[in-house]
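Residue strings, one per chain:
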Amino acid sequence: MKRLLVLGESRAAIDFARDTCIRFDTVSLPDSTDDALATAILARMDEGTSVAGPSNLFDILARVAGALDLPLLREVDGVDGDTVRSGSFDGRLRETIKVTTARAVFSVNSNYRSTASAAVEPSAIDALSVAPSTSTHLVSRTSTVHQRPPLHEARVVVAGGRSLKDSGQFEQYLGKVVDKLGAAIAASGGAVHSGIASSTQLVGQTGSTVAPELYIAVGISGADQHVGGMQDSRVIVAINRDPHASIFRIADYGLVADLREALPELAEKL
Amino acid sequence: MSAASKLAYDVFPLMVNNLNEGERSMKIIVLVRQIPDPDRPIRVDANGHVDIVRWIANPVDEVAVDRAVELDTEVIAVSTDEACLLSAMARGAGRGYLVDAVDDRALAKALVEIARRETPDLILMGDGEAGPRLAGALGMAQATGAANLDLVDGGVRVTRKLPGSLEVLELNMPAVVTLHRSLSVPKLISLYAIVDARDKPIERLTVAPPESGIQVIGAEAVPKTRIGRMVESVDELVHALREEARVI
C-alpha cells in the first residue's frame with residue numbers, strides 16, 4: 001500500500017498500519033457528525049491513499065468507501081502482503097481476500113495485534129479539522145452508562161444461580177462485576193423460582209434467549225433449561241464450587257471456586 | 001377526550017396524528033436484504049465454495065419497512081430477492097424494485113440509481129455497510145443505529161443508540177437512516193396481505209457491477225467450538241479473557 005490514513009488512536013488500527021506500510025498518517029477525530037467527519041477525511045486523501053480505522057468507526061469508514069466507490073474490507077484481523085483476513089455475516093465466515101486496487105478502506109477488528117517484531121515509531125498524530133455539518137444537527141446526548149443495559153442488548157451478561165441465597169446477595173456479589181463490565185444481569189430458573197431474582201431476568205428455555213459476546217454463569221449448575229437460553233454466547237465463563245457441575249461442559253473457561261471469594265476478587269481485577 | 005377517540009388514539013396513534021396532513025407527500029425507500037439464517041450452518045467445501053444453507057429476510061430491514069409504513073408515506077421496497085420484496089409489500093410497501101447485486105457495494109450502486117429516479121425523502125434500512133455507503137455516494141446526511149425516528153418540519157429526528165449514550169440528531173432530508181440491530185422483531189403479516197402483495201408492481205433493475213478491486217482467495221466457516229479450559233485462579237481467568245478470548 002502506498003499511503004494509509006489511520007483514523008483514531010486505537011491500537012488495533014495502528015498495529016494494522018504497521019503491518020501494511022512503512023509510513024502512515026494518523027488523525028484523531030473530534031466530536032462531530034459522521035457526514036462532517038467523512039468530508040474532512042476525504043479532503044485529507046489523495047489518489048493513492050487508503051484508509052483504516054477501528055470497527056467502532058465502521059459507519060464513517062463505510063461512508064468514505066461509498067463516496068469514493070472503494071472496496072471496504074471489514075472485520076480485518078490479519079494481513080499477509082496484499083491479502084487480508086476479513087469477515088462477513090457477523091463473523092460467521094472468515095475470508096482471505098487479495099486486494100487488487102491501489103487503495104481500499106479497512107475496518108479493523110479491535111483484537112488486531114501487530115505481527116511485526118520491531119516496533120515502528122508511531123507517526124505524529126494530528127487532529128482532523130472538521131467543518132460542522134449543514135444537514136445534521138446534534139440535539140442532545142444523554143449518558144446511559146449508569147443504567148444497566150437490557151438483557152437482549154448487552155455485550156456482556158452476568159448470570160447468577162440459586163446459591164446466591166437472597167436478592168441482597170444477588171446484587172452484592174454480581175452487581176460490582178456487572179457494573180465494571182457494563183453488563184446486564186441475568187438469572188437461572190433456580191434463582192427465579194426461589195425468589196432471589198426477577199422473572200424478567202430469567203435466561204433459559206422458559207425465559208429469554210441471549211447470545212452476548214461474553215456470558216459469565218455464576219453458581220449455576222447448567223441444567224438444559226438454562227443452557228438452552230445462553231449456549232450461543234460467543235465466550236462462556238462458568239464459576240462454580242462444584243467441579244462436576246455440568247455448566248463446565250459448555251464453558252470456554254471454567255473456574256472452580258466459591259463465588260463469595262471469586263466474585264469480589266474478579267470485580268477488583270477487571 | 002371521549003372514550004371512543006381515546007380508543008382510536010391508542011390503537012391508531014399515527015393515523016390520528018396524520019389526519020390533517022392530507023395526501024401522502026413523502027416518499028421512503030426501504031432496503032430489504034437477505035442474511036444467512038442464524039439457526040442454520042454456513043459451510044465451506046474443499047474448493048472454498050461457500051454454501052449458505054438458508055437465507056432469510058434481515059429482520060431489522062423488515063422492522064424498517066414496518067416503521068416506514070407507520071409514518072404514512074409512500075413506501076418503495078428494494079431487494080435482491082423476490083420473496084423479500086413480496087413480504088415487504090405485504091407489510092405495506094406500495095411497489096418494489098428487484099435488483100441484481102452480489103455484495104453491499106453493488107447494492108449501494110443500485111440504490112444510487114433508484115434514488116436518482118425516485119428522489120426519496122428518506123432511505124431506511126437495518127444496520128450494515130449499505131446505508132452509510134449509500135449516504136456517502138449520494139452526499140446525504142446519515143444517522144446510524146437509530147432506536148427511533150420521527151418526522152419533524154422539513155427533516156427527521158433520530159434517536160441513535162450508541163455504546164453508553166443516546167444521541168438525538170435532526171437531519172435535513174433527504175437522508176439515510178439505519179436502524180439499531182436490536183430492533184429485530186418485525187410485525188406479523190396476515191395471509192390476506194401476502195395475497196394482496198402479489199398484485200403490487202415490481203420493477204427489475206440491473207446495474208453494471210462495479211470494478212471489484214478485491215478477489216476472494218479462500219474462505220472458512222467459523223465453527224462454534226468451546227475452548228473448554230479450567231483455570232486455576234481469578235488472575236488466570238482475567239488474563240485469558242483479556243489476552244486470549246479478547247472479550248474484555
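### Quick word on the overall build of chain A
Tallying secondary structure elements over chain A gives 7 helices and 15 strands in all. For chain A, the spread of C-alpha atoms along the principal axes amounts to about 65 × 45 × 30 Å. Residues counted as buried form 52% of the 270 residues belonging to chain A. A separation threshold of at least 6 residues defines the contact pool for chain A, and within that pool the share at least 24 residues apart is 58%. Averaging the positions of the 26 positive and the 32 negative side-chain charges in chain A gives two centres separated by 2 Å.

### Digging into helix α3 (residues 58–68) of chain A
Residue and element names in this part refer to chain A. With 8 of its 11 residues buried, α3 lies for the most part within the structure. Restricting attention to buried positions, one finds in α3 the residues Phe-58, Ile-60, Leu-61, Ala-62, Arg-63, Val-64, Ala-65 and Gly-66. Phi turns positive one or two residues past the end of α3, at Asp-69, with a value near 50°.

### Describing the pairing of strand β7 (residues 95–99) of chain B
All names here are of chain B. Of all 5 residues in β7, 4 are buried; the element is thus mostly enclosed. Judged from the 4 bridges that link them, strand β6 (residues 74–79) and β7 form a sheet pairing that is parallel. Looking at β7, one finds that Ala-77 is bridged to Gly-96. Crossover β6 to β7 through helix α4 (residues 82–90) is right-handed. The sheet contact formed by β7 and strand β13 (residues 202–205) spans 4 bridges and is parallel. In the sheet register, Leu-98 faces β13, and the bridge partner there is Arg-204.

### Quick word on the packing of aromatic side chains
All names here are of chain A. What the rule picks out here adds up to 3 aromatic pairs over all chains. Their ring planes at 45° and their centres at 5.0 Å tell us that Phe-16 and Phe-106 sit as a pair that is tilted. On the criterion of sequence distance, the pair formed by Phe-16 in helix α1 (residues 11–20) and Phe-106 in strand β8 (residues 105–108) is long-range, its members being 90 residues apart. The exposure classification of Phe-16 matches that of Phe-106, with both residues buried. Ring centres 5.8 Å apart and planes at 80° place the aromatic pair Phe-16 and Tyr-112 in the edge-to-face group. With Phe-16 in helix α1 and Tyr-112 in the loop between β8 and β9 (125–127), this residue pair connects regions lying 96 residues apart in the sequence. Classification of Phe-16 as buried rests on a relative accessible area of 0%. Connected via pairs of aromatic rings, a cluster forms that spans Phe-16, Phe-106 and Tyr-112.

### Some remarks on the confidence of the model for chain B
Residue and element names in this part refer to chain B. Per-residue confidence for chain B averages 86 on the pLDDT scale, and 89% of its residues sit at or above 70. When mean pLDDT is taken per element in chain B, strand β8 (residues 122–125) scores highest with 98 and helix α1 (residues 3–11) scores lowest with 41. Segment residues 1–22 is flagged for pLDDT under 50; beyond a separation of four residues in sequence, or across chains, it makes 10 contacts in the model. Across the interface, the model reports ipTM at 0.83; the global pTM reads 0.77.

### Some points on unusual backbone geometry
Going from B:Met173 to B:Pro174, the amide bond is cis rather than trans, its omega being 5°. In this fold, B:Pro174 is placed in the loop between β11 (165–172) and β12 (175–179). Here A:Glu75, not a glycine, exhibits a phi torsion of approximately 55°, which is positive. Structurally, A:Glu75 is set in strand β4 (residues 72–76).

### Re the packing of α3(A) against helix α6 (residues 130–138) of chain B
Axis separation between α3(A) and α6(B) bottoms out at 6 Å; the angle between their running directions is 45°. It follows from the interaxial angle that α3(A) and α6(B) lie oblique. Between α3(A) and α6(B) lies a crossing of right-handed hand. Contacts between α3(A) and α6(B) involve A:Asp59, A:Ala62, A:Arg63, A:Ala65, A:Gly66 and A:Ala67 on the former and, on the latter, B:Pro132, B:Arg133, B:Ala135, B:Gly136 and B:Ala137. Classifying every residue of the contact of α3(A) with α6(B) by side-chain character gives 6 nonpolar, 2 polar and 3 charged.

### Section: the environment of B:Thr159
Residue and element names in this part refer to chain B. Mapped onto the secondary structure, Thr-159 falls in strand β10 (residues 155–162). Placed 50 residues apart in sequence, Thr-159 and Pro-209 show a C-alpha to C-alpha distance of 34 Å. Excluding residues that lie within four positions of it along the chain, Thr-159 makes contacts with Gly-145, Ala-146, Ala-147, Asn-148, Leu-166, Glu-167 and Val-168.

### Notes on the sheet that holds β11(B)
Taking strand neighbours across the sheet as the criterion, the 10 strands line up as β10(A)-β11(B)-β10(B)-β9(B)-β12(B)-β8(B)-β1(B)-β6(B)-β7(B)-β13(B) in an open arrangement whose pairing is mixed. Each edge of the sheet is formed by a strand with only one pairing partner; in this case those strands are β10 (136–143) of chain A together with β13 of chain B. Here the average twist between neighbouring strands, direction ignored, is 30°.

### Describing the sheet that holds strand β15 (residues 253–256) of chain A
Sheet architecture is open: 6 strands sit in the order β12(A)-β11(A)-β13(A)-β14(A)-β15(A)-β15(B), paired in parallel fashion. Looking at strand neighbours, the two that pair on one side only are β12 (184–187) of chain A together with β15 (229–231) of chain B, the edges of this open sheet. Across the sheet, the mean angle separating the axes of adjacent strands is 20° when strand polarity is ignored. The strands that helix α4 (residues 167–181) of chain A touches are β11 (156–160), β12 and β13 (214–218) of chain A; relative to β11(A), the one it contacts most, it runs at about 170°.

### Things to note about the pattern of salt bridges
All names here are of chain A. Under the criterion given, the structure shown has 40 salt bridges over all chains. The salt bridge involving Arg-3 is made with Asp-46; its shortest N-O contact spans 2.8 Å. One end of the pair, Arg-3, is in strand β1 (residues 3–7); the other, Asp-46, is in the loop between α2 (34–44) and β3 (49–54), with 43 residues separating them in the sequence. What makes Asp-46 partly exposed here is its relative accessible area of 38%.

### Considerations on the interface of chain B and chain A
Facing 73 residues of chain B, the contacting portion of chain A comprises 71 residues. Of the roughly 5800 Å² buried between chain B and chain A on both sides combined, carbon and sulfur atoms contribute 55%. Of all residues in chain B, B:Arg226, B:Val234 and B:Val247 give up the largest surface area on contact with chain A, accounting jointly for 12% of the area buried on that side. Inspection of the region where chain B meets chain A yields 7 salt bridges. A salt bridge links B:Asp104 to A:Arg74; its shortest N-O distance comes to 3.7 Å. Counting across the interface, chain B meets chain A through 35 residue pairs in polar contact (both at pLDDT 80 or more).

The rules we used
Residues numbered from 1 in each chain as written. Chains lettered and ligands numbered in written order. Predicted model: local features only at pLDDT ≥ 70, side-chain atom pairs only at ≥ 80, totals over all residues. Heavy atoms only, no water. Helix = DSSP H or I, 4+ residues; strand = E, 2+ residues; numbered from the N terminus. Buried < 20%, exposed > 50% of the residue type's maximum accessible area, 1.4 Å probe, protein only. Contact = heavy atoms within 4.5 Å. Lys, Arg positive; Asp, Glu negative; His and termini not counted. Charge placed at Lys NZ, Arg CZ, Asp CG, Glu CD. Pairing = 2+ DSSP bridges. Right-handed = clockwise from strand over helix to strand, strands pointing away. Phe/Tyr/Trp six-rings, centres within 6.5 Å; stacked < 30°, edge-to-face > 60°. pLDDT = per-residue confidence, 0-100. Axes fitted to C-alpha atoms, helices over the stretch in contact; angles between N-to-C directions. Parallel < 35°, antiparallel > 145°, perpendicular 65-115°, else oblique. Left-handed = near helix turned anticlockwise from the far one by under 90°. Nonpolar A, V, L, I, M, F, W, Y, C, P; charged D, E, K, R; others polar. Salt bridge = Lys/Arg side-chain N within 4 Å of Asp/Glu carboxyl O. Buried area = accessible area lost by both parts, 1.4 Å probe. Polar contact = N/O pair within 3.5 Å; in protein donor to acceptor, adjacent residues only side chain to side chain.

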